[in-house]
Amino acid sequence: FGAPIEYCDRHNKPLGLVCHAPGALRHAHNASGEPLVKGRRVTGFSNSEENAVGLSTVVPFLIEDEFKRLGGHYEKGADWSSFTLTDRLLVTGQNPASSEAVAQRLLQFLA
């Protein structure tokens, strides 16, 4: 999972991840070998959303906890509402309601 994400980061390519997909960032490292999320503003499916759907004990890891463990600056909006963060060329969305906003941001980068 890490290699395509690392490629985008090292070659200044925009990257957008929504809902559970940001979890793939936990496998990516920057050029110095540190976690790619370290020191960056990121979001993804929140612990409270996992709890609400009864999956917090089923999923292999919780994105919110994992990003914090890796040194990321995890932020979230209200459950089930659109919430996105942009840190350099990395765009992350909290949940499916964030998909359109992430896509719009990526289109801005590509314009």
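See the structure shown above.
Residues numbered from 1 in each chain as written. Predicted model: local features only at pLDDT ≥ 70, side-chain atom pairs only at ≥ 80, totals over all residues. Heavy atoms only, no water.

Caption draft 1: Main features of the pairing of strand 5 (residues 90–93). Of the two faces of strand 5, both are covered, the one formed by L90 and T92 as well as the one formed by V91 and G93. Bridge count between strand 1 (residues 15–18) and strand 5: four bridges; the pairing is parallel. Residue G16 lies in a different strand from strand 5, and its bridge partner there is V91. Pairing analysis gives four bridges linking strand 4 (residues 84–87) to strand 5, with the strands arranged antiparallel. Among the inter-strand pairings, T86 is bridged to a residue of strand 5, identified as V91. Turn length for the strand 4-strand 5 hairpin, with the two strands adjacent in sequence and antiparallel, is two residues, and the turn residue R88 shows positive phi of about 55 degrees. (Buried < 20%, exposed > 50% of the residue type's maximum accessible area, 1.4 Å probe, protein only. Helix = DSSP H or I, 4+ residues; strand = E, 2+ residues; numbered from the N terminus. Pairing = 2+ DSSP bridges.)

Caption draft 2: Region of interest: the packing of aromatic side chains. Enumeration over the complete set of coordinates arrives at one aromatic pair. Of note, R26 hangs over the ring of F61, and the distance from its end group to the ring centre comes to 3.7 Å. One Lys or Arg, R105, reaches over the ring of F109 and ends 4.3 Å from the middle of that ring. (Phe/Tyr/Trp six-rings, centres within 6.5 Å; stacked < 30°, edge-to-face > 60°. Lys NZ or Arg CZ within 6 Å of the ring centre and 35° of its normal.)

Caption draft 3: Quick peek at the sheet that holds strand 4. Reading across the sheet, the three strands line up as 1-5-4 and stay open at both edges, with mixed pairing between neighbours. Lying at the two open borders of the sheet, with one neighbouring strand each, are strand 1 and strand 4. For this sheet, the mean angle separating the axes of adjacent strands, direction not counted, is 15 degrees. (Axes fitted to C-alpha atoms, helices over the stretch in contact; angles between N-to-C directions.)

Caption draft 4: View of the state of the cysteines. Throughout the structure, instances matching the rule amount to zero disulfides. Just so you know, C19 is unpaired, no disulfide at all, and the nearest cysteine sulfur is the one on C8, 20 Å from it. (Disulfide = S-S within 2.5 Å.)

Caption draft 5: Examining the nonpolar core more closely. By size, the foremost hydrophobic cluster in this structure holds 17 residues, and its most contacted members are I5, L15, L25, V37, F67 and L90. Breaking this core down by element, the ones donating at least two residues are helix 1 (2–10), strand 1 and helix 3 (63–69). In contact with L25, not counting residues within four places along its chain, are I5, L17, L36, V37, F67, L90 and T92. (Core = buried A, V, L, I, M, F, W, Y, C linked by side-chain atoms within 4.5 Å. Contact = heavy atoms within 4.5 Å.)

Caption draft 6: Representation of the environment of D9 within the structure. Along the polypeptide, D9 turns up in helix 1. Sequence separation between D9 and R88 is 79 residues; the distance between their C-alpha atoms is 9.3 Å. Those residues in contact with D9 that sit more than four places away from it in its chain are N30, L36 and R40.

Caption draft 7: Quick peek at helix 1. When helix 1 is considered as a whole, its buried residues turn out to be G2, I5, E6 and C8. For helix 1, the buried positions fall inside an angular range of 160 degrees around the axis, keeping them on one side. Turned more than 90 degrees away from the buried face of helix 1, the exposed residues are A3 and P4. Considering only its buried residues, helix 1 is in contact with strand 1. (Arc of directions from axis to C-beta.)

That is the geometry; function is a separate question.
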